[in-house]
Amino acid sequence: MTDMHNGNGIDALEGVFAAARQTAPEPSAAFLMRVMAEAEAVQAARQAAPAAARPAARGGRLAGLMALVGGWPALGGMVAAAATGLWIGFIGGERIDGFTAVYLGASDSASAVSLLPEGDLFALME
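Residues numbered from 1 in each chain as written. Predicted model: local features only at pLDDT ≥ 70, side-chain atom pairs only at ≥ 80, totals over all residues. Heavy atoms only, no water.

Caption draft 1: Here's a closer look at the overall build of the protein chain. Per the secondary structure count, the protein chain includes 4 helices and 0 strands. The order of helices and strands in the protein chain, counted from the N terminus, is α-α-α-α. Buried positions account for 6% of the 126 residues belonging to the protein chain. Of the roughly 11,200 Å² of accessible surface on the protein chain, 66% is carried by carbon and sulfur atoms. (Helix = DSSP H or I, 4+ residues; strand = E, 2+ residues; numbered from the N terminus. Buried < 20%, exposed > 50% of the residue type's maximum accessible area, 1.4 Å probe, protein only. Areas by Shrake-Rupley, 256 points an atom, 1.4 Å probe, with all protein chains shown as cover.)

Next comes the structure, spelled out in structure tokens:
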């Protein structure tokens with residue numbers, strides 16, 4: 001590894017890189033003319049196409065709403081969350097305690113968890 005630092009490896013590469021940095025390649029005039037001609041042809045073709053020939057936006061209001069939400073994946077997540085909320089609202093909190101006891105192995109009530117400290121709530125605001 002020390003042989004590379006004594007002028008045989010890294011120092012030789014540094015000289016090559018310095019020479020490459022001094023001579024930056026320039027594109028030829030013929031290449032630049034071809035690029036400009038192609039760009040002008042594309043612009044002219046787009047301006048010549050009538051608005052009726054361009055494809056119209058499809059779907060109407062529903063497609064616009066889905067694009068606003070984030071498409072099918074986001075809409076699927078929203079439907080799953082709504083279905084879960086309806087299910088929890090339908091069966092009630094007492095029956096959820098039974099499900100959590102079965103799946104989590106806990107005997108405590110999930111709805112009886114207090115997230116606030118004991119005491120007066122307004123004392124926390126002071």
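Caption draft 2: Seen up close, the confidence of the model for the protein chain. Across the protein chain, the average pLDDT comes to 76, with 60% of residues at 70 or higher. Confidence, read as mean pLDDT per element, is least for helix 4 (residues 72-104) in the protein chain (80) and greatest for helix 2 (residues 29-48) (92). (pLDDT = per-residue confidence, 0-100.)

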